[in-house]
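Results of the structural survey
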Amino acid sequence: MTATSKLELRDLRKEYDELVAVDDASIDIAAGELIGLLGPSGSGKTTMLQMIAGLTEPTAGEIFLDGEPITHLAPEERDIGLVFQNLAIFRKMTVADNLGYAARIDGASKAEVRKSVERIAKIVGIEESELDRSADDLNPNQQQRLALGRAIADEPDLMLMDEPMDNLDEEQSIDMRGEIKQLQNELEQTMIYVTHDQEEAMSLASRIIVMDDGQIRQIGSPSDLYYEPANRFVAGFIGSPSMNFFEGMVASDGLELLDVTVPGGALGGRLDGLAEGGEVTVGVRPEAFHLADGEGAVRFTATLQEKEPLGSKQLLHGEANGETFVVRTRKRPPIERGDEFDVTVAGADLYLFDAESGEVID
Amino acid sequence: MATIEAHGLAKQYPVDSRYCTVADVSFTVEDGEYFCLVGPSGSGKTSTLRLIAGIDEPDDGGVSFEGQSMAEMPPNERNVSFVFENLALYPNKTGRQNIAHPLTIQGVEAADRDERIEAIADRLGITHLLDRKPATFSGGEKQRVGIARALVGESSVSLLDEPLGGLDAKLRQELRMLLKEIHQDMGGTFIHVTHSQEEAMSVADRMAIMRQGRVHQVGTPNGLYDRPDDDFVASFVGSPTINIIDGTLENGRLTAGPFSFESGALGDELADGAYRIGVRPQDAQLSQTADGAGYEATIDVTEPLGAETIVDLSIDGQELRVVSDDRWVQQEVGIGDSVGLSIEANDLYVIETDSGSVVAVPDRGE
């Protein structure tokens, strides 16, 4: 039903005086793809979205929608649907009038408008009994569905969603993201979903653009970003609890980490070409630590500082050699605050990053 | 120095009040304990906290501190500090003056006051806010100043109403650990209200699960997860929510949807009748093929979260949510694929359908 288009960004740039909000971003988004645009606040993701929507004029670069340049078109000439966190709904109108707005503007007959309204309401899960209520009377979850429905009713080439779930509580947003994922899959609507929440981006998108400080740090599938982060920023931003980072030093016979030396062989040649005495940042995912009985190139003793018993998993906050870190385990080790415990990590589960640039060493 | 007991607390609020009815609430919080009241909205958590603080008076029942009834004790004499969800900072005062408020009331000397303010500000990472006014603070900063104000007085009892509400996930995780550490150092009694079971589990020594003005169960976080008394607690504790499927026990077999188990393997001897089974998403196992697994399942949708993947799947039309730590699930499995699924009798929570009571739980070896 919905027309759907591919989007290309070529060296897109936005400067505000001294500040480079978006630094020469180039991205290809396939038709029908749901792509996440993820970054902390101030990373440039909203500026990027505004340039795509036509709300902000780029300093340089080009935007193509289905091969046609749209860089200098007005927002209303772009056929792009927007769902923002401050909802775009007419509060004084009924739900049905909101959903039928686009069809009415197109001059559809009364019966056609009603048919379209019912179809869209069904897609976004608005009950028929809600259709004649005022939009203002809906709860936040229903209003979010309505905003989504309005955007879908426009049948845009591209849909942009900017933190659309910020008004919802945690449970509602988990339900809603599952629904958006299924909906997007059914409609094959090209969609860019902006969020600062890495879990939301991971669960929804087939690929994610990670931005920081105006730069694209990595583009990849959730699994790529998690297992093969390109740099320390992505490694630390993706995953919860966050990756643990330690200072390491290249020695003649391996890598010095905490009070142990990891033999070079356990690191699969990743130390080759690094100068002895050089510093590297070592990253370990909380679940890569194994307790006592595990085998691993790195084995050390830690002191338990805090424990978070979450039922299905336990988070252990440990300290060793002055460094603190988090261990995630499905086991229930019988240790309490102040107790010592042994942990191991396999060499292959250590991520190495250049201490200066933060780029991954692989 | 501050064991707190709530016995038979009841309080009816007017219909248009923002506070919800407390029907019958009893629990004991031990001295120095970190205790959480957790439940969905409308369960009466905040009302209970107000009754403990003495802001409202109960219609029935009462509160005692260290065995002494608080019935005649006004709030300001209870040695209790309170963080409200919508904490109101004084807009015309600086961060420092806001935090100083309880110390000023206690008559703490200026030099000592500054030292304590700076210590707590340092722990909460808000030193840079001390000489600024609240209008310039972000939501998270206001929250931390409010927490600092509540904790700086080192009252023997601190009551925290959704102290981490409205913050984003990373900040919440960080601050909950900080609260736990501060509690550890201060040694007072904390009662923390939250709607988030994960937040409660992460900080609490013990927690009370509330619904509709009543306490369903009190226990340790892992204890409630492992041994819920009823279906409400089983569903409320643990994320994602436990799968619950209607079933029947007869002729020595418990059958629920496509799943079937020998009832002898369920521990206690159960009478024939209607039961529901509960399967925690982390307790079912996935395998690449159905060979050797109990069931064949079709993938409906996967949500990769990094360390784990949430998988929604169907077995002969029965939907089930599973969480897997396996990397192949994250990297190789797509919508419509077929996988093997194993659920053993020892993975089950068995719930009596009529009463909602949990009559068997998995043996987690503890």
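Residues numbered from 1 in each chain as written. Chains lettered and ligands numbered in written order. Predicted model: local features only at pLDDT ≥ 70, side-chain atom pairs only at ≥ 80, totals over all residues. Heavy atoms only, no water.

Turning next to the overall build of chain A. Within chain A, the regular secondary structure consists of 9 helices and 20 strands. For chain A, the spread of C-alpha atoms along the principal axes amounts to about 80 × 50 × 35 Å. The 362 residues of chain A split such that 52% are buried. Nonlocal contacts in chain A, meaning residues at least 24 apart in sequence, comprise 67% of its contacts between residues at least 6 apart. Total accessible area computed for chain A in this model is approximately 15,800 Å², and 44% of it derives from carbon and sulfur atoms. Taking the 32 positively charged and 69 negatively charged side chains of chain A as two groups, their mean positions are separated by 7 Å. (Helix = DSSP H or I, 4+ residues; strand = E, 2+ residues; numbered from the N terminus. Buried < 20%, exposed > 50% of the residue type's maximum accessible area, 1.4 Å probe, protein only. Contact = heavy atoms within 4.5 Å. Areas by Shrake-Rupley, 256 points an atom, 1.4 Å probe, with all protein chains shown as cover. Lys, Arg positive; Asp, Glu negative; His and termini not counted. Charge placed at Lys NZ, Arg CZ, Asp CG, Glu CD.)

All right, on to helix 4 (residues 139-152) of chain B then. All names here are of chain B. End to end, helix 4 covers 20 Å across 14 residues, agreeing with the expected 20 Å (1.5 Å per residue, within 8%). Counting buried residues in helix 4 gives 12 out of 14 residues, a clear majority hidden from the surface. For helix 4, the elements touching its buried residues are strand 6 (80-83), helix 2 (95-106), helix 3 (110-124), strand 7 (157-161), helix 5 (169-186) and strand 8 (189-194). Looking one or two residues beyond helix 4, the residue adopting positive phi is glutamate 154, at roughly 50 degrees. (Expected span 1.5 Å × (residues − 1).)

Residue and element names in this part refer to chain B. Where helix 3 meets helix 4, the axes come as close as 10 Å, and the angle between the chain directions of the two elements is 135 degrees. Of the possible angle classes, the one that applies to helix 3 and helix 4 is oblique. Where helix 3 crosses over helix 4, the handedness of that crossing is right-handed. Touching Arg116, Ile117, Ile120 and Leu124 of helix 3 are Arg144, Ile147, Ala148, Leu151 and Val152, all from helix 4. Taken together, the residues of the contact of helix 3 with helix 4 sort by class into 7 nonpolar, no polar and 2 charged. (Axes fitted to C-alpha atoms, helices over the stretch in contact; angles between N-to-C directions. Parallel < 35°, antiparallel > 145°, perpendicular 65-115°, else oblique. Left-handed = near helix turned anticlockwise from the far one by under 90°. Nonpolar A, V, L, I, M, F, W, Y, C, P; charged D, E, K, R; others polar.)

Okay, the domain arrangement of chain B next. All names here are of chain B. Each assigned domain of chain B is listed with its residue range as follows: domain 1 (4-235) and domain 2 (242-360). Measuring from the centre of the C-alpha atoms in domain 1 to the corresponding centre in domain 2 gives 38 Å. Contact residues are listed per partner, giving 9 residues for domain 1 and 10 residues for domain 2. Counting each side, the surface lost to burial between domain 1 and domain 2 is near 740 Å², with a carbon and sulfur contribution of 49%. Counting the surface domain 1 buries against domain 2, the share from its top three residues, Tyr225, Asp231 and Ala234, is 63%. When the shortest N-O distance is used, the salt bridge between aspartate 231 and arginine 276 registers 3.0 Å. (Domains from an automatic or database assignment. Buried area = accessible area lost by both parts, 1.4 Å probe. Salt bridge = Lys/Arg side-chain N within 4 Å of Asp/Glu carboxyl O.)

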